[in-house]
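Architecture and fold: a report
For reference, the chains in residue letters:
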Amino acid sequence: MSAAKEFTAPGMAVRTAGILFIFVIVFTGLLSAAYLWTKPAIEASAAEEKMKLVNEVLPHTEYDNDLLTDTVTLPVTPELGLADPSTLYRARKAGQPVALVFESTAPDGYAGKIRLIVAVRANGEVAGVRVTQHKETPGLGDYVEVKKDKNKARPWITQFTGLSLAQVSDREWKVKKDGGRFDYYAGATVTPRAVTKAVLKAVQWADAHRERLFAEGVAQ
Amino acid sequence: MITREEFRSIAGNGIWKQNTSIAQILGLCPLLAVTTNAVNGIMLSLATILVMALSNVAVASLRNFIPHEIRIPVFILIVAALVTVVDLLFNANLHELYLVLGIFIPLIVTNCIVLARVEAFAAKNPPLQSTLDGVFMGVGMLWTLALLGGMRELLGSGTLFGGIDMVFPSLQPIQLLPESYPGFLLALLPPGAFILLGCMIAWKNWMDARAAERAKLKPPAPVAAAGCH
């Protein structure tokens, strides 16, 4: 206590800076230690999360390869609304192509982008679609997310399942309000319209690029 | 150690007198964003209780080593580091809970309540009292956010505890108003939160004013009573 009084003004400043420095070192060290210690567990659960999501759009029984390693890194893809590179998963059974699982983004949601994960089978059928991220109005437009959909038996987003461009032409691939065949709930049209359009684009894109994608990076 | 009076004063301050949301009016940003239903409000508050207790106890234990001039940067450092560590630990070890609480933990960093309590209380008091202060401030926040979230949810979509199935899969939200209730969007949007929060603040002020009035009336002072009208 009495020692502190003997410091001159610059000495005081150096001492204060020193104390601040020690605090910075200690707490940054704590942070780094926590980061390094938790990293493996966090990565494992992130991979598990991803698989859970993939399993929702494509049943686990349909393929037998390790999806998380059989991937293609997509560059920025404007057709899918992807502004960042993302990962595409290739599902195969006994070496034969089964489905492509990839991300897609609807740029024109009511409140910004709606991110989707889409699985399209080798025959062009949608195996499943899920919304992974959105900012749509709670209680109004958020029924595109299965968890928020009040219709638990047949959530809105499942009506795409099993459809392909061979069955539903791109002119019909719209919500009913726009003359298409897909349902929507009154009060929120912008959200389902954006999702429907994004799914159509995803199916078209998969049809156009399927062969190249399944062949890419495969030795034989 | 802590006396009974001290405990009561800390608890009373946190839950009512200095209530973060309706007396100090702090941390409005997460408050508005999160209280679209009661469950979200409760979850944010639980995460805040944890972080406030931790940061208060950390600052209270270190308070004698922190020079007055640089206390604010040191507090920010401590709070930010603790929140991030809590976030990482939750993510790694309690992943199920993290999926529910996770999005709320980063919101707490932007919450000035934590820094305010550290500066106003933990920097001047021993660790035990400071921990209790953090917990009770959080409890005060818990009931206000639960009430605000519940009101917004009920007015906005006619349900209560929507999203509870994400926390406890066996429970279902309660549909209080008939299914045909058209919903009231304003209550779910930020302006609705401001309006309802304003009503709650008015209610608290009214309660306080009434309590003060009663306290004044109890010992009947003849002079004051005569000059009242």
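The paragraphs below set out a description of the structure included in this document.

Here is what the cut-offs are and how they apply
Residues numbered from 1 in each chain as written. Chains lettered and ligands numbered in written order. Predicted model: local features only at pLDDT ≥ 70, side-chain atom pairs only at ≥ 80, totals over all residues. Core = buried A, V, L, I, M, F, W, Y, C linked by C-beta atoms within 7 Å. Buried ≥ 20, exposed ≤ 12 C-beta atoms within 10 Å, placed from the backbone. Helix = DSSP H or I, 4+ residues; strand = E, 2+ residues; numbered from the N terminus. Contact = placed C-beta atoms within 7 Å. Pairing = 2+ DSSP bridges. Axes fitted to C-alpha atoms, helices over the stretch in contact; angles between N-to-C directions. Parallel < 35°, antiparallel > 145°, perpendicular 65-115°, else oblique. Nonpolar A, V, L, I, M, F, W, Y, C, P; charged D, E, K, R; others polar. Left-handed = near helix turned anticlockwise from the far one by under 90°. Arc of directions from axis to C-beta. Expected span 1.5 Å × (residues − 1). Bend = angle between axes of the 7 residues up to and from the residue.

The nonpolar side chains of a soluble globular protein tend to be buried, and buried together. Counting 49 residues, the largest nonpolar core has Ala 47, Val 51, Val 59, Ile 78 and Leu 145 of chain B as its most contacted members. For this core, the elements supplying multiple residues, two or more each, are helix H2 (9–57) of chain A together with helix H2 (28–34), helix H3 (38–62), helix H4 (71–93), helix H6 (105–109), helix H7 (112–122), helix H8 (127–157) and helix H11 (190–217) of chain B. The residues contacting Ala 47 of chain B, other than those within four sequence positions of it, are Leu 101, Phe 104, Ile 105 and Ile 108 of chain B. Residues Val 54, Tyr 63, Val 118 and Ala 119 of chain A belong to the second largest nonpolar core, which totals 37 residues.

All names here are of chain A. The strand order across the open sheet formed by 5 strands is S1-S2-S3-S4-S5, and the pairing between neighbours is antiparallel. The sheet terminates laterally at strand S1 (71–74) and strand S5 (126–133), the two strands that pair on one side only. Adjacent strand axes in the sheet meet at a mean angle of 25° when their direction is disregarded. The sheet contact formed by strand S2 (residues 86–93) and strand S3 (residues 96–109) spans 5 bridges and is antiparallel. Its bridge partner being in S3, Arg 92 is matched across the sheet by Pro 97. Against the sheet, H2 touches S2, S3, strand S4 (112–121) and S5, its axis set at about 140° to S5.

Between H2 of chain A and H4 of chain B, whose axes approach to 9 Å, the crossing angle comes to 10°. Comparing their axes, H4 of chain B and H2 of chain A come out roughly parallel. Here Leu 20, Phe 23, Val 24, Phe 27, Leu 30, Leu 31, Ala 34, Tyr 35, Thr 38, Ala 41 and Ile 42 of chain A of H2 of chain A lie close against H4 of chain B, whose contacting residues are Pro 73, Val 74, Leu 77, Ile 78, Ala 81, Thr 84, Val 85, Leu 88, Leu 89, Asn 91, Ala 92 and Asn 93 of chain B. Taken together, the residues that form the contact of H2 of chain A with H4 of chain B break down as 19 nonpolar, 4 polar and no charged.

All names here are of chain B. Here H7 crosses H8 at 145°, and the two axes come no closer than 10 Å. H7 and H8 meet at a crossing whose hand is right-handed. Of the residues in H8, those in contact with Ile 113, Arg 117, Phe 121 and Ala 122 of H7 are Ser 130, Asp 133, Gly 134 and Met 137. Partitioned by chemical class, the residues of the contact of H7 with H8 number 4 nonpolar, 2 polar and 2 charged.

A separate point is H7 of chain B. Because each turn of an α-helix spans 3.6 residues, side chains separated by three or four positions end up pointing in the same direction. Residues and elements named next belong to chain B. Buried within H7 we find Ile 113, Val 114, Arg 117, Val 118, Phe 121 and Ala 122. The buried residues of H7 occupy an angular sector of 135° when projected down its axis, which confines them to one face. Taken together, the buried residues of H7 touch H3, H4, H6 and H8.

Residue and element names in this part refer to chain A. End to end, helix H3 (residues 190–215) covers 37 Å across 26 residues, agreeing with the expected 38 Å (1.5 Å per residue, within 8%). Of all the bends in H3, the greatest, near 65°, is centred on His 209. Within two residues after H3, Gly 217 carries a phi angle of roughly 75°, on the positive side.

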